[in-house]
Amino acid sequence: MKAKFIIPLLLFIVLVGFLAVGLNRDPREVPSPLINKPAPAFKVPQLADEKKSFSPEDLKGQVWVLNVWASWCVACREEHPMLMELGKSQVAPLIGLDYKDKRADAMEMLARQGNPYNLSAMDNDGRVGINYGVYGVPETYVIDKAGIIRFKQIGPITKDVLDKSIYPLIAQLNKA
Amino acid sequence: MLKKILSSLLLTLFVSIVYADEATPLATDPALEQRLISISEEMRCLVCQNESLSGSRSELAQDLRREIRDLIRQGKTDSEIRTFMVDRYGDFILYRPPVKPTTWLLWIGPFVLMIAGITALLMYLRRRNSQVNSTALSDDENKRIDALLREDK
Amino acid sequence: MEYSMIPEIGHFALILALCVSIIQGVLPLIGAQQGRREWLVLARPATQISFLLLAISFGVLAWCFYVNDFSVLYVAEHSNSQLPTVYRLGAVWGGHEGSLLLWIFLLTGWAFAVAQLSKTLDEFMVARVLGVLGLVATGLLLFVLGTSNPFERLLPAAQDGRSLNPLLQDPGLVFHPPMLYMGYVGFSVAFAFAIASLLSGKLDAAWARWSRPWTTTAWIFLTLGIALGSWWAYYELGWGGWWFWDPVENASFMPWLIGTALIHSLVVTEKRGGFKNWTVLLAIMAFSMSLLGTFLVRSGVLTSVHAFATDPRRGIFILLLLSLVVGSSLFLYALRAPKSTLGGKFSLLSRETLILMGNVFFVVAAGSVLLGTLYPLLIDALNLGKISVGPPYFNAVFVPIMVPVLFLMAVGPWASWKTTDLKTLLKRLWIAAVVAFIAAIAIPSLMGEFTILTALGFLLAFWVIASGVLQIIRQCKVGMPTRSFIGMQLGHMGIAVFVIGVTMVGAYQEEKDVRMAPGDTVTVGGYQIRLMGVGPAQGPNYQAMRGTFELVRNGKVQELMYPEKRNYDSSTMPMTEAAIDAGLTRDIYVSLGEPLEGNAWAVRVYYKPFVDWIWGGCLLMALGGLFAVMDKRYRLRVKK
């Protein structure tokens, strides 16, 4: 009979436990349901040459990285040095997806800051982005030889993410 | 002749004034809009702090609403449209949590709480009635206490 | 460059207040435990000095805003020289640090009131109550001074401040947080009384008697605060919603639900000596909910439009504070509660049982809201994914729980204490049942659309109203009703009025999204709204496009309405100021959207029947509380 009086305290301790764990989580981050699922197909014009198009099909058989960016995106500038490094390392083709942008602005930014991409494709109306579950810019995907999405980075790529997640994953996927 | 021209001119003017104008709905298809609203009201705007997809003015929300309109025009059911969104953004986009094993506790919880509460109450009442001898203050005692309290500063 | 020293006074006052609070918290409690009178008597003066120091500190912060002292970081972040004076003062609590200072200021204010109005209370009890309040204040002051100091300097000072979020530049900001905090913080008094009783080992009816007016007063403020917030969201946000089950809204609603259970439970404990343990637990829970709410809003664990800018350090600190305060209280409860005695006997059908049943439903409701609010966090913490729990869930869950409550509300007052006879109840209530059924069928039919949910809403609302009217008639035959009785009637009627408002608006509102050029008319709810034109307008710190609309009914122009689209100097996002023509039976709501080609504008109009009954009902509830508090029993004797 006496034991029941301790129930409120016990429930409270459990609650605090969850709240404590919650402090370390970001409630606004949306994890992707597309991990380990095929990268959605699309065909869009390239940034540099409108007459040419790009499709994920083009890269079947290779491990590659898709980076969603835009000239109007402030956070993209943060990750630009990392992208340059990734691009130079040549471990995998780096494809840019220019999201809801103006061609002139995008070209200008690449010219000014440097172009890390093998090529950039244009997603003018954001439809490709929606199919990839893009909700903010920048976002980056690592896609394997079979065209399956294996990793998604939400937000700018940091040195940490590059070294601890992206490089090792690409190496691993290349071996397969 | 002039009179005829003048009077037809006047008539046209009159008619156009009278027909000023019941405002046209913004949406080209109000029925579609209604469906859009009811579907998007139960979805979350992913870039807002906590707003529905229906009301948000953000660009992503506008794009997603455009997608939903297209899907409605293609004849998709509400359920198919929800699946479309969840496939891309996960369950997070739904304001009405889907019923799956991870949310059983959520959906059943209140009901269980209710049953537990009422059961506990009934058990308590039964047990109590067999235990109690009156220890409540009687009206007399209450009055005495009041009097005593009033005497104090 | 000379910087004012005045902010430092505010800072110093806080530091002093911390020292005094420690004294106020520690010594009287030990004194009461060990019977040391010299320490007991420190409680009142310490409380008075605490309050004075917080008043100074708060006054200083307000002064800094008033004179635009941008050498104070908090002022620079939330104010601006172009900001109208009244909003400069509201901005004092527009951000985390300032609102926390308001919290503590009000806490010491309540403690001060208790100190002043408890002259007839046993001095051990006083010492304990004020001691507990002192400990809570200590914790919060440590938090403020450690992580959230509003007097932090910005040197060199900013030329001008960043200004206040335009959404907050509204009279609602001036009243809503202070009202809300008065409620939140006010529950600390019931909490302190509960803890004091547990500490003394004396859980008796006298404690309930003392707690009741304080708790009811806090409840009144909380009711008003929540209602204000809801009303403000309605007219400010531009899309006519009035409750979104947003985590921060829930954070204020949960204490209200528990608080309502508490004020009813206190009645039984005071009158019949029953439910002592339960009432104490409720008192602890109510304030715990307040603290939990404070944590949720400021820690970043939940997404909300209301959330303050977050800092994980702050989250950890509040969580620690929350754990300490609530954890130790519940521990004390586990230790001492078993020792209390039972109250009077009552049978299965009695007023006591009905109140207790109502309590259960309120607690289940609060628990459900808590479950829904925290569930995403729970799932995420267990690495089971990310979900959202929004209005569809809460509406589906909350409404069914409230149905039995509304039913009981009409029955309870007819039941006698100790035992009541079913036949008598039926005899008293059958008329009310008939009225309710008639309303449930007639009103939806009159309005043109009948659904079960709508009928249910009217059924319950009129059940409560009819029962109340019958009670009043019966009581007046016997004699002059007490204030307590009037309070109860107003409180219950208030809920019924609220339900009518919600049902009407939910079922019968009309909305039209149209393209309008000057001369165009849109018809909604039997009204014609004609656009006369849209032109530029200028405000103290914004530019706007202002529309002029005629509101016409039966061919007569009733009103002119001026919705605006504002561009504040300090913000890039345009703000919609809707124009509302409010009335007893309906609101007409006009919102200006985007400009379109051909001199036209996107316009949204709403017809919202009886929407003001939602907040009217809340006002009635608060008024009911006021009557209850002013009952003769609580009147103080003024010695000449």
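These lines cover the structure that appears in this document, whether it is placed above or below. Computed from a predicted structure; not experimentally measured.

Regarding its fold elements, chain A presents 5 helices and 7 strands. Listing the helices and strands of chain A from first to last along the sequence gives α-β-β-β-α-β-α-β-α-β-β-α. Here the C-alpha atoms of chain A give a radius of gyration of 20 Å, more than 25% beyond the 16 Å that 2.2 N^0.38 yields for 176 residues. The burial tally for chain A puts 38% of its 176 residues in the buried class. In chain A, once contacts between residues fewer than 6 apart in sequence are set aside, the share between residues at least 24 apart is 74%.

Here the amide bond leading from Val137 of chain A into Pro138 of chain A is cis, since omega sits at 5°, within 30 degrees of zero. Looking at the element boundaries, Pro138 of chain A is found in the loop between helix 4 (127-131) and strand 6 (139-143). Here Leu155 of chain C and Pro156 of chain C are connected by a cis peptide whose omega angle stands at 0°. Relative to the assigned elements, Pro156 of chain C resides in the loop between helix 7 (123-147) and helix 8 (171-200). A positive phi angle, near 60°, is found at Asn383 of chain C, a position not held by glycine. In this fold, Asn383 of chain C is placed in the loop between helix 13 (351-381) and helix 14 (391-411).

Bringing the nonpolar core into the picture now. All names here are of chain C. Membership of the largest hydrophobic core comes to 270 residues, with the highest contact counts inside it found for Ile104, Leu107 and Ile258. The element best represented in this core is helix 8, accounting for 18 residues. Met561, Ile588, Tyr589 and Val603 belong to the second-largest nonpolar core, a separate cluster that totals 22 residues.

Let us look at helix 14 of chain C. The end-to-end C-alpha distance of helix 14 of chain C, which contains 21 residues, comes to 30 Å, matching closely the 30 Å that a straight helix rising 1.5 Å per residue would cover. Residues Tyr393, Phe394, Val397, Ile401, Leu406, Met409, Ala410 and Val411 of chain C constitute the buried set of helix 14 of chain C.

The next point concerns the sheet that holds strand 1 (residues 510-516) of chain C. The strands making up a sheet associate through hydrogen bonds between their backbones, and the pairing can be parallel or antiparallel. The 5 strands are arranged 1(B)-1(C)-10(C)-9(C)-8(C) in an open sheet whose pairing can be described as antiparallel. Lying at the two open borders of the sheet, with one neighbouring strand each, are strand 1 (24-25) of chain B together with strand 8 (579-582) of chain C. As defined by bridge partners, strand 1 of chain C adjoins strand 10 (residues 601-609) of chain C across 7 bridges and the pair is classed as antiparallel. Within strand 10 of chain C, the position partnered with Arg515 of chain C by the bridge is Ala602 of chain C.

Moving on, we get to the packing of helix 17 (residues 483-508) of chain C against helix 18 (residues 612-629) of chain C. Residues and elements named next belong to chain C. Contact geometry for helix 17 and helix 18: axes closest at 7 Å, N-to-C directions at 170°. Relative to helix 18, the element helix 17 lies roughly antiparallel. Per-class residue counts for the contact of helix 17 with helix 18 are 17 nonpolar, 9 polar and 1 charged.

What follows covers the interface of chain C and chain B. Between chain C and chain B, the residue contacts involve 53 residues of the former and 43 residues of the latter. Secondary-structure elements contributing two or more residues to the side of chain C that touches chain B are helix 13, helix 14, strand 1 and strand 2 (521-524) of chain C. For the side of chain C that touches chain B, the element with the highest residue contribution is helix 13 of chain C, accounting for 12 residues. Among the residues forming the side of chain C that touches chain B, the class breakdown is 26 nonpolar, 17 polar and 10 charged. By the bridge criterion, 2 bridges tie strand 1 of chain B to strand 1 of chain C in an arrangement that is antiparallel.

To continue, consider the environment of Val522 of chain C. Looking at the secondary structure, you find Val522 of chain C in strand 2. With 24 C-beta atoms packed within 10 Å, Val522 of chain C lands in the buried category. With 82 residues separating them along the chain, Val522 of chain C and Arg604 of chain C place their C-alpha atoms 9.6 Å apart. Leave out the neighbours within four places in its chain, and Val522 of chain C touches Glu22 and Ala23 of chain B together with Lys512, Val514, Met516, Ile529 and Val605 of chain C.

Next up on the list: the sheet that holds strand 3 (residues 64-69) of chain A. All names here are of chain A. Strand order in the open sheet formed by 5 strands is 5-4-3-6-7, with mixed pairing between adjacent strands. Edge positions in the sheet fall to strand 5 (119-123) and strand 7 (149-154), since each has one partner strand and no second. For this sheet, the mean inter-axis angle between neighbouring strands, taken without regard to orientation, is 20°. Those strands touched by helix 5 (residues 159-175) are strand 6 and strand 7, and its axis lies near 165° from that of strand 7.

Below, the discussion takes up helix 10 (residues 247-272) of chain C. Residues and elements named next belong to chain C. Taking 1.5 Å per residue, 26 residues should reach 38 Å; helix 10 reaches 37 Å between its end C-alpha atoms and fits that length. Within helix 10, 25 of the 26 residues are buried, which leaves it mostly tucked inside the rest of the structure. In the segment just after helix 10, Gly273 is the residue with positive phi, at about 70°.

Cut-offs used in this document
Residues numbered from 1 in each chain as written. Chains lettered and ligands numbered in written order. Predicted model: local features only at pLDDT ≥ 70, side-chain atom pairs only at ≥ 80, totals over all residues. Helix = DSSP H or I, 4+ residues; strand = E, 2+ residues; numbered from the N terminus. Rg over C-alpha atoms; globule rule 2.2 N^0.38 Å. Buried ≥ 20, exposed ≤ 12 C-beta atoms within 10 Å, placed from the backbone. Contact = placed C-beta atoms within 7 Å. Core = buried A, V, L, I, M, F, W, Y, C linked by C-beta atoms within 7 Å. Expected span 1.5 Å × (residues − 1). Pairing = 2+ DSSP bridges. Axes fitted to C-alpha atoms, helices over the stretch in contact; angles between N-to-C directions. Parallel < 35°, antiparallel > 145°, perpendicular 65-115°, else oblique. Nonpolar A, V, L, I, M, F, W, Y, C, P; charged D, E, K, R; others polar.

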